[in-house]
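# Survey of secondary and tertiary structure
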Amino acid sequence: SRDDNSDQSSRRVLNTLLSELDGINKGGDDFVMVLGATNKPGDLDNAVRRRFPERLLIPLPGVDAAEEIVKIHTTKGGVSFGEASPSQFVPNDWATSQASTPPQALATACVEAGFTGSDIEALCRRAVDAMVQRSNPDLVAVADRGLDGARQYDLSITPLEPQDFRTAFNRTSASLSSQEIARYTDWNQQYGTGPTSRNQ
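What you see is a predicted model, and the numbers here were worked out from it, not measured in a lab. (Residues numbered from 1 in each chain as written. Predicted model: local features only at pLDDT ≥ 70, side-chain atom pairs only at ≥ 80, totals over all residues. Heavy atoms only, no water.)

### A short note on the pattern of salt bridges
Considering all chains together, one arrives at 5 salt bridges under this definition. Between K71 and E67 there is a salt bridge, with the nearest N and O atoms lying 3.5 Å from each other. With K71 and E67 both in helix α3 (residues 63-72) and 4 residues apart, the pair spans about one turn of that helix. Among the residues examined, E67 registers a relative accessible area of 13% and is labelled buried. Notably, a salt bridge pairs E121 with R125, separated by 2.9 Å at the nearest N-O pair. A residue pair is termed a helical-turn pair when its members lie 3 or 4 positions apart in one helix, as E121 and R125 do in helix α5 (residues 117-135) at 4 residues. (Salt bridge = Lys/Arg side-chain N within 4 Å of Asp/Glu carboxyl O. Helix = DSSP H or I, 4+ residues; strand = E, 2+ residues; numbered from the N terminus. Buried < 20%, exposed > 50% of the residue type's maximum accessible area, 1.4 Å probe, protein only.)

### Some remarks on helix α1 (residues 8-23)
The end-to-end C-alpha separation of α1 is 23 Å, in line with the 22 Å expected for 16 residues at 1.5 Å each. Taken together, the buried positions of α1 are L14, L18 and L21. Burial along α1 is one-sided: seen end-on, the buried residues are contained in an arc of 65°. Structural note: α1 exposes Q8, R12, V13 and E20 on the side pointing more than 90 degrees away from its buried face. (Expected span 1.5 Å × (residues − 1). Arc of directions from axis to C-beta.)

### So, the packing of α3 against α5
Relative orientation and spacing of two packed helices are given, respectively, by the angle between their axes and the distance between those axes. Contact geometry for α3 and α5: axes closest at 9 Å, N-to-C directions at 40°. Judged by the twist between their axes, the crossing of α3 over α5 is right-handed. Taken together, the residues of α5 that come into contact with α3 (itself represented by A66, I69 and V70) are G117, I120, E121 and C124. Counted by class, the contact of α3 with α5 contains 5 nonpolar, 1 polar and 1 charged residues. (Axes fitted to C-alpha atoms, helices over the stretch in contact; angles between N-to-C directions. Left-handed = near helix turned anticlockwise from the far one by under 90°. Contact = heavy atoms within 4.5 Å. Nonpolar A, V, L, I, M, F, W, Y, C, P; charged D, E, K, R; others polar.)

### Re the nonpolar core
Ranked by internal contacts, the top residues of the largest apolar core, which has 25 residues, are F81, L106, I120, L160, F165 and F169. When contributions to this core are tallied by element, the ones reaching two or more residues are α3, α4 (102-113), α5 and α8 (162-170). Beyond its immediate stretch of four places on either side in the chain, L106 contacts V70, F81, F89, V90, F165 and F169. (Core = buried A, V, L, I, M, F, W, Y, C linked by side-chain atoms within 4.5 Å.)

### What about the environment of F52?
With respect to the helices and strands, the residue F52 is situated in the loop between α2 (46-50) and α3. Residues F52 and R125, 73 residues apart in the sequence, show an inter-C-alpha distance of 36 Å. Not counting residues within four places of it along the chain, the set of residues in contact with F52 comprises L21, V34, L35 and G36.

### Considerations on a nonpolar patch on the surface
A contiguous nonpolar surface patch, about 440 Å² in accessible area, is contributed by F31, M33 and L35. Mapped onto the elements, F31 comes out in the loop between α1 and α2. Using a relative accessible area of 67% as the deciding quantity, one classes F31 as exposed. (Patch = residues over 30% accessible without salt bridge, like charges linked within 9 Å, V, L, I, M, F, W, Y side chains within 5 Å. Areas by Shrake-Rupley, 256 points an atom, 1.4 Å probe, with all protein chains shown as cover.)

### A closer look at the packing of aromatic side chains
This model, assessed by the stated rule, comprises 5 aromatic pairs. Here the aromatic rings of F81 and F165 are separated by 5.9 Å at their centres, their planes lie at 15°, and the arrangement is stacked. Within this pair, whereas F81 is found in the loop between α3 and α4, its partner F165 is found in helix α8, the two being separated by 84 residues in sequence. We note that F81, like F165, is buried. Joined through ring pairs, the aromatic side chains of F81, F89 and F165 make up one cluster. (Phe/Tyr/Trp six-rings, centres within 6.5 Å; stacked < 30°, edge-to-face > 60°.)

### A look at the confidence of the model for the protein chain
The predicted coordinates of low-pLDDT regions are not to be read in fine detail. Taken over all residues, the pLDDT of the protein chain has a mean of 87, while the share at 70 or more is 92%. The lowest-confidence element of the protein chain is helix α7 (residues 146-152), averaging 77 in pLDDT; the highest-confidence one is α3, averaging 97. (pLDDT = per-residue confidence, 0-100.)

### Quick word on the packing of α3 against α4
The interhelical angle for the contact between α3 and α4, taken along N-to-C directions, is 120°, at an axis separation of 8 Å. On the basis of the axis angle, α3 is oblique to α4. Regarding α3 and α4, the two cross each other, and that crossing is right-handed. Contact residues: α3 offers V63, A66, E67, V70 and K71, while α4 offers P103, Q104, L106, A107, T108 and V111. Looking at the contact of α3 with α4 residue by residue, the classes come out as 7 nonpolar, 2 polar and 2 charged. (Parallel < 35°, antiparallel > 145°, perpendicular 65-115°, else oblique.)

As structure tokens, this is what we get:
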């Protein structure tokens, strides 16, 4: 944003960007769509905001989206789930009794925790790490053997178990606070054009 604290080089970059945005669709028959994304919509210069007539808030993932993210980082990546019931994969105090599969139970728990897509990815990666360590108890000793020893080691991959995700949940928390989410919601209500804004 152009304010009293911005330096001349930042102002020049912003002015160049604004000029380019103004000239994109003014020549020839080619069609160009410009997409922008930011985690700091409140910092946008009002001139930039005006040049993007559609302003959409991308919310935190719902259960369906969270389930797909869980699958991408587990089953679709070649890692299966163990035979435990879905509710055993999440902490006991998280309501997931309606879930029919472990990914669905995990998705519900992640939504209840206010996890972003990257938080869910981190949770799954930590669970896979826990599984690898559980399935390969001598892995630390292998590292001491050097590169040749590591090349000769046959890494064991077993199904993910509830304990792997309990470990992951203990090490993962939501990266956005309720205050930050409220700021995004407020901005969207003031400037957004999507279905969750005041304009629809």
